[in-house]
Amino acid sequence: MIPLSWYLYFSAALFGIGLFGALSRRNAVAILLGIELMLNAVNVNLVAFWRYGDITMMAGQVFAIIVFAVAAAEVSVGLALVISVYRRRNTVIADELDMLKW
Amino acid sequence: MTPEQIIFLIVAGATLVSGLMVVSTRNLVHAALWLVATLFGVAAMYAILNAGFIAVVQVVVYVGAIAILFIFAVMLTRRDMRDSGPQHNKNWWAGAFVSVLTFGGLVALFQSWAGFSKTAAVIPSGFDAVGLLGSQLTSPEAYVLPFEVASVLLLAAMVGAVYVAFTRK
Amino acid sequence: MNFWNDPLKVAAEWLEGIFTGWGLDAVFAHVLVVFLGVLLLITVLMVLDIFLVWIERKIVARFQDRIGPNRVGPYGLIQPFADIIKLIIKEDTTPDGADKVVYNLAPILSMMSVLILWAIVPIAPVMLGVDLNVGVLFMIAAGAIGTLSIIMAGWSSNNKFALIGGFRQVAMMVAFEIPMLTMLLIPTIFAGSMNMNAIIQGQGSLWYFVLSPLGALIFLIAIIAELGRAPFDLAEGESELVAGFNTEYSGMKFGMFYAGELLHAMTFGGIWGILFFGGYRFFGLEQVSPFLAIAIFLFKALVGYWVIMWVKYTMMRIRIDQMLTFNWMFLTPLSFVLLMVTAFMNALLAGTPTWVYGIGMFLSNVVVGWIAMELVRSYSRREREKIEGPKKVAEAHH
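As the structure is a prediction and not an experimental result, all values here were calculated from the model. (Residues numbered from 1 in each chain as written. Chains lettered and ligands numbered in written order. Predicted model: local features only at pLDDT ≥ 70, side-chain atom pairs only at ≥ 80, totals over all residues.)

Caption draft 1: Region of the structure containing the overall build of chain B. Counting its regular elements, chain B contains 6 helices and 0 strands. Along chain B, from the amino end to the carboxyl end, the secondary structure elements read α-α-α-α-α-α. Relative to the compact-globule value of 15 Å for 169 residues, chain B shows a C-alpha radius of gyration of 20 Å, a clear excess of over 25%. Counting only C-alpha atoms, chain B reaches 55 × 45 × 30 Å along its principal axes. By the burial criterion, 33% of the 169 residues in chain B qualify as buried. If you take every contact in chain B between residues at least 6 apart in sequence, the share linking residues at least 24 apart comes to 49%. (Helix = DSSP H or I, 4+ residues; strand = E, 2+ residues; numbered from the N terminus. Rg over C-alpha atoms; globule rule 2.2 N^0.38 Å. Buried ≥ 20, exposed ≤ 12 C-beta atoms within 10 Å, placed from the backbone. Contact = placed C-beta atoms within 7 Å.)

Set out below in structure tokens:
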């Protein structure tokens, strides 16, 4: 049998990778890719806790499904913003979008 | 090592390697394709966890919609097909430090938790997870309100996304 | 349990006995037998695929008043083998600036997205790969891989026609996935399960085609769009895009796209048969022998495939804006309305005798379809009047 710790290690590692991507990438689309990895790591945790707890309590799976909806909403709005910014400023590099810095 | 554990290790290794490729590869289309590989790995993880419905929904929603959206966005936001310049900002070492710290912190936190090395109970035969999930999602005593709120959020986000990305002629 | 009642299980047990007799671990022997079963299924499908080339060419020839392949072998039966030899010995080209790994992976994924569907297709009561309780959703998940393969092919070819074709195809597949998924929910409502076998078992007294003819029709339109066949073959519009996403592919890589498309068409014909025409069921004949059940299923799959071909070789290609308008303005709202009406009628007619249930469902479908057609007709009349001006009375008599 697989102990719960393996899933937790796995999702912590995936979360760390996603965090690194979100913090260090220059391209705005790539930052969103990192955020997706983090959301997936959270979802693995939710489903693992469902499986290793009382399986008649569906809260883990229900929240995993809600995270899917939130992820879809986040990606659609995020990518719409990126495309809109690209049309106006002709760049998607997060460092160059600094008009609010003044 | 049971066969189950070997499968888990293979899937986890492949998923983490593709996750690393997502954040490190220079070509953004490749990064999006590596993301697809990672998402498949996570779907396999759900399948190992006996959550078949979540695994299939993961493929439908993430691979079928979100990954395609990413690939479109990458293609629509580049001046040419080559990627020039560094892909990571100059503070990437700080990002790496913070993420390693997060991982270490989480692991340290896990170690102090009693239920850490718990193993799963055997699923009783005839247990219908999908049916239970469906009735809980639509039952007023359970999760119908969060479910409806999530769908309203999704609708609002879609309307907003269309409005933001719309070009006025 | 003898061979003629459950051939696969008997063969698997026999093989497992042999493997454990060689001193193999029981778990390992089981995995090996399952692996061999998958290999057998894929081999049978690929051989079937070869003959689908012949069937397709022969039938298109009859539609176009020709004879079709008739030189190699009796009735041209050996023709597909000649085609394959030609494809294999052709030069395998890779365009300059192509993304090599992605370019080579795309046809494999395209083929995979078709073969993976057969994991959940019940070809006989006792023969199916996985008895998945989310089988219907699995179909959509497999379609997601197909979408991915097409965008990979279009992007990695480094060719603007391939990219435009890929974009068109993906826009179409993502759009038509919505009515398709909605229509998949209609058999799910009737059967009360997403399991393919349960859906077939639920069609004991009435085919779901009788209960929901409109649903079957919308599903057929959606699968034709998913396949990218005429009238939805604008992704490979020869007059504008050379050949769409597979422009740069040659030899066997093109062959994989082509064979994948044929097998996909036949698979979708089979799934249409399963969801709306009772799959392997035919007046209790499937109980006689699993082999008869396979024959019934194959017959229904080929009839479905024939209908898809019939549409392909009769209709003309529509434009991309027409396709998107048709889907988003007509098919998607119609499928949502139909789903709601079906769910409502299902709750209303619960507990009534089968004939009341069947007639009620059928009539509700007819009414929904009639209202939709009337709305479309009045809309098209208004559009026409906007362009041509109000129609003169004299002209109407022509």
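Here the narrative resumes, following the displayed structure.
Caption draft 2: Here's a closer look at the overall build of chain A. Secondary structure summary: chain A contains 3 helices and 0 strands in total. Rg of the C-alpha trace for chain A: 17 Å, well past the compact-globule value of 13 Å for 102 residues, more than 25% over. When its C-alpha atoms are laid out on the principal axes, chain A stretches across 55 × 25 × 20 Å. For chain A, the residues scored as buried account for 60% of the 102 residues in total. Within chain A, counting contacts between residues at least 6 apart in sequence, those at least 24 apart form 48% of the total.

Caption draft 3: Quick peek at the interface of chain B and chain C. At the junction of the two partners, chain B supplies 16 residues and chain C supplies 16 residues. Contributions of two or more residues to the side of chain B that touches chain C are made by helix H2 (28–48) and helix H3 (52–76) of chain B. With 11 residues, H3(B) is the largest single contributor of residues to the side of chain B that touches chain C.

Caption draft 4: How the structure looks around helix H1 (residues 4–24) of chain A. Between its first and last C-alpha atoms H1(A) spans 30 Å; for 21 residues at 1.5 Å apiece the expected length is 30 Å, and the two agree. The element H1(A) is extensively covered by neighbouring structure, given that 18 of its 21 residues are classed as buried. (Expected span 1.5 Å × (residues − 1).)

Caption draft 5: Quick peek at unusual backbone geometry. All names here are of chain C. A positive phi angle, near 60 degrees, is found at Asp65, a position not held by glycine. Mapped onto the secondary structure, Asp65 falls in the loop between helix H2 (26–63) and helix H3 (79–89). Its 6 C-beta neighbours within 10 Å are what place Asp65 among the exposed residues. Unusually for a residue other than glycine, Asn158 sits at a positive phi of about 55 degrees. Along the chain, Asn158 falls in the loop between helix H5 (135–156) and helix H6 (160–191).

Caption draft 6: Summary view of the nonpolar core. Formed by 182 residues in total, the largest nonpolar core has its most connected members in Val29(A), Ala32(B), Ala67(B) and Phe70(B). With 18 residues, the single largest contributor to this core is H3(B). Excluding its chain neighbours within four sequence positions, the residues that come into contact with Ala32(B) are Leu33(A), Ala67(B), Phe70(B), Ile71(B) and Val74(B). (Core = buried A, V, L, I, M, F, W, Y, C linked by C-beta atoms within 7 Å.)

Caption draft 7: Summary view of the interface of chain A and chain B. Counting residues at the interface gives 61 residues for chain A and 73 residues for chain B. Broken down by secondary-structure element, the contributors of at least two residues to the side of chain A that touches chain B are H1, helix H2 (28–52) and helix H3 (59–89) of chain A. When residues in the side of chain A that touches chain B are grouped by element, the largest group, 21 residues, is from H3(A).

Caption draft 8: Up close: helix H12 (residues 290–312) of chain C. Here H12(C) is 23 residues long and its end C-alpha atoms lie 33 Å apart, about the 33 Å a rise of 1.5 Å per residue gives. Among the residues making up H12(C), those that are buried are Pro290(C), Ala293(C), Ile296(C), Phe297(C), Lys300(C), Ala301(C), Gly304(C), Tyr305(C), Ile308(C), Met309(C) and Lys312(C).

Caption draft 9: Representation of the domain arrangement of chain B. Taken domain by domain, chain B consists of domain 1 (1–82) and domain 2 (129–169). Once you take the C-alpha centre of each, domain 1 of chain B and domain 2 of chain B turn out to be 23 Å apart. (Domains from an automatic or database assignment.)

Caption draft 10: Structural view of the packing of helix H13 (residues 320–348) of chain C against helix H14 (residues 354–388) of chain C. Residues and elements named next belong to chain C. Relative to each other, H13 and H14 sit at 155 degrees, their axes nearing to 10 Å. Considered as vectors, H13 and H14 are oriented roughly antiparallel to each other. Along this stretch, H13 crosses H14, giving a crossing that reads as right-handed. Only Gly360, Met361, Ser364, Val368, Ala372 and Val376 of H14 make contact with H13, whose side of the interface consists of Phe330, Leu334, Val337, Leu338, Val341 and Met345. Split into classes, the residues belonging to the contact of H13 with H14 amount to 10 nonpolar, 2 polar and no charged. (Axes fitted to C-alpha atoms, helices over the stretch in contact; angles between N-to-C directions. Parallel < 35°, antiparallel > 145°, perpendicular 65-115°, else oblique. Left-handed = near helix turned anticlockwise from the far one by under 90°. Nonpolar A, V, L, I, M, F, W, Y, C, P; charged D, E, K, R; others polar.)

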